[in-house]
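# Coordinate analysis (summary)
Below, each chain spelled out in residue letters.
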Amino acid sequence: MSISVSAAAVLQPLTGRASPPAYRVTANRRLRIGPIPSLSSSSASKPILPAAAMATDGAAPAASGAGSKQKLLVFDAEEDLAVSLAKYTAELSEKFAAERGAFTVVLSGGSLIKALRKLTEPPYLDSVDWSKWHVFWVDERVVPKDHEDSNYKLALDGFLSKVPIPTGQVYAINDALSAEGAADDYETCLRRLVKNGVIAMLAATGFPRFDLQLLGMGPDGHIASLFPGHPLVNENQKWVTYIKDSPKPPPERITFTFPVINSSAYIAMVVTGAGKAGAVQKALSDKETSSDKLPVEMAVLQDGEFTWFTDKEAVSLLQNK
Ligand SMILES: O=C(O)[C@H](O)[C@@H](O)[C@H](O)[C@H](O)COP(=O)(O)O
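Residues numbered from 1 in each chain as written. Predicted model: local features only at pLDDT ≥ 70, side-chain atom pairs only at ≥ 80, totals over all residues. Heavy atoms only, no water.

Under an unreviewed UniProt entry, the name given to the protein chain is Probable 6-phosphogluconolactonase, and the source organism is Eleusine coracana subsp. coracana. Under Function (unreviewed entry), UniProt gives the following word-for-word description of the protein chain: "Hydrolysis of 6-phosphogluconolactone to 6-phosphogluconate." (UniProt positions renumbered as here; feature names shortened; annotations may be inferred.)

Here the focus is the overall build of the protein chain. A tally of helices and strands in the protein chain yields seven helices and 16 strands. Within the protein chain, the fraction of its 321 residues that count as buried is 55%. If you take every contact in the protein chain between residues at least 6 apart in sequence, the share linking residues at least 24 apart comes to 74%. In the structure as shown, the protein chain presents an accessible area of about 13,100 Å², 52% of it carried by carbon and sulfur atoms. (Helix = DSSP H or I, 4+ residues; strand = E, 2+ residues; numbered from the N terminus. Buried < 20%, exposed > 50% of the residue type's maximum accessible area, 1.4 Å probe, protein only. Contact = heavy atoms within 4.5 Å. Areas by Shrake-Rupley, 256 points an atom, 1.4 Å probe, with all protein chains shown as cover.)

Considering only enclosed or pocket space, the second largest pocket measures out at about 220 Å³ in volume. Gly109, Gly110, Gly216, His222 and Lys248 are the residues nearest the centre of the second largest pocket, which is lined by 18 residues in total. (1 Å grid on protein atoms, 1.4 Å probe; cavity = no way out; pocket = protein on both sides within 12 Å on 5 of 7 lines; lining within 4 Å. Points joined across faces, edges and corners; volume = space filled by probe spheres on them.)

Attention now moves to the site of the ligand. Within the structure, the ligand sits among 15 residues, and Ser111, Asp139, His222, Ala224 and Lys248 are positioned closest to it. For the ligand, an oxygen atom lies 2.7 Å from a polar atom in the side chain of His222. One nitrogen or oxygen atom from the side chain of Lys248 is found 2.7 Å from an oxygen atom belonging to the ligand. In this structure, the ligand is accommodated by the second largest pocket. Along the lines of polarity and charge, the residues of the shell around the ligand split into two nonpolar, eight polar and five charged. (Near = heavy atom within 4 Å. Polar contact = N/O pair within 3.5 Å; in protein donor to acceptor, adjacent residues only side chain to side chain. Sits in = over half its atoms within 2 Å of the grid points. Nonpolar A, V, L, I, M, F, W, Y, C, P; charged D, E, K, R; others polar.)

With that settled, consider helix H5 (residues 179-195). Look at H5: 24 Å from first C-alpha to last across 17 residues, which is about the 24 Å you get at 1.5 Å a residue. Residues Ala179, Ala182, Ala183, Tyr186, Glu187, Cys189, Leu190, Leu193 and Val194 constitute the buried set of H5. Take H5 and look down its axis: the buried residues cluster within an arc of 155°, on one side only. Turned more than 90 degrees away from the buried face of H5, the exposed residues are Thr188 and Lys195. On the buried face of H5, the contacting elements are strand S8 (133-137), strand S10 (200-202), strand S11 (207-209), strand S13 (240-243) and strand S14 (253-256). Downstream of H5 by one or two residues, Gly197 has phi in the positive range, about 85°. (Expected span 1.5 Å × (residues − 1). Arc of directions from axis to C-beta.)

Attention shifts here to the packing of aromatic side chains. Under the criterion given, the structure shown has 14 aromatic pairs. Look at Tyr186 and Phe256: their rings are 6.3 Å apart centre to centre, the planes differ by 40°, and that puts the pair in the tilted class. Placement of the pair is Tyr186 in helix H5 and Phe256 in strand S14, with a sequence separation of 70 residues. The exposure classification of Tyr186 matches that of Phe256, with both residues buried. Through a chain of ring-to-ring contacts, the aromatic side chains of Phe96, Phe103, Trp130, Trp133, Phe159 and Tyr266 assemble into a single cluster. The ring of Phe96 carries the charged tip of Lys95 above its face, separated from the ring centre by 5.1 Å. Sitting over the ring of Trp239, Arg191 keeps its end group 4.0 Å from the ring centre. (Phe/Tyr/Trp six-rings, centres within 6.5 Å; stacked < 30°, edge-to-face > 60°. Lys NZ or Arg CZ within 6 Å of the ring centre and 35° of its normal.)

Two side chains of opposite charge can pair, provided their charged atoms sit close to one another. Evaluated as defined, the whole model comprises 16 salt bridges. Where Lys282 meets Asp292, a salt bridge forms, and the shortest distance between an N and an O atom there is 3.8 Å. With Lys282 in helix H7 (residues 277-283) and Asp292 in the loop between H7 and strand S16 (305-311), this residue pair connects regions lying ten residues apart in the sequence. Overall, Lys282 belongs to the buried group, its relative accessible area being 16%. A network of salt bridges, in which partner residues are shared, links Glu78, Glu79, Arg117 and Lys118. (Salt bridge = Lys/Arg side-chain N within 4 Å of Asp/Glu carboxyl O.)

With that settled, consider unusual backbone geometry. Geometrically, the link from Pro122 to Pro123 is a cis peptide bond, its omega value of 0° lying close to zero. Mapped onto the secondary structure, Pro123 falls in the loop between helix H2 (112-115) and helix H3 (124-127). Here the bond from Pro249 into Pro250 is cis, since omega is -5°, no more than 30 degrees from zero. Relative to the elements of secondary structure, Pro250 occurs in the loop between S13 and S14. For Ala224, which is not glycine, the phi torsion reads 50° and is therefore positive.

Here you go:
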């Protein structure tokens, strides 16, 4: 098989002392990527995409907006992924703090939070300017904030309680409201923060432009609380909406809509484990005309950079059989 990604002709090792030995595809045009070499080697120093990758000049990007770039990172181990994700996030924090005086970060639930653990340790604990961070949720379960199912609680316990982000810059949902009320309330909060300049706006779309969205993907290809085949994936007016029949429990949730996700400056899609391999394969396969796109395939940045942080298991179906 072959895969296609929006990518440039450059396969280059990540540099920098804190980087694990992974490789990235720097994107600005479409490539046809040839057979993927076996990933069974334990050496992480080999490119995970073949040097024989050929550019197909002139072809339209498969899953990419005009200004969109995609990178695929594959790590031998989740530990290496976590090290790289911390470095990536810290660098973006520095960039946006310098450029805008604020860094707006969106979290998902799930395994992502554990993958952020290196940010809570040296050197990042002291070197990151946490006072510039503003934290949001791409989706949240409509449960009390101290409930085991709460994404806020997950992030608080695993990340936020360990770094000095000002409490007033952590934007949890109002858990006293219904799903519909909580979604409206969250959108009102976002509109206020756009108005006072904390959150940027993407003029081309009229939707808020978060600096970085740190997302996970379910085995079915869902992201946020946007599930395959659910009408919410087509919402194109609201910034935040709600679902009462989520196939993944609990059923009541609020979620950012695709226009908000796709207006981001940066997205890190953190996907590990063999259970995600099928969805990764579909997302990175050459099926731009497919009418049954998974939600993850609908995450197409208008003008930004999309980076997959994966492990060998998650990309295992990309191997040439
Ligand atoms: O609240 C949620 O359920 C999440 O935000 C959801 O979108 C999650 O990110 C994915 O299901 C991936 O979760 P895992 O990484 O744990 O598989």
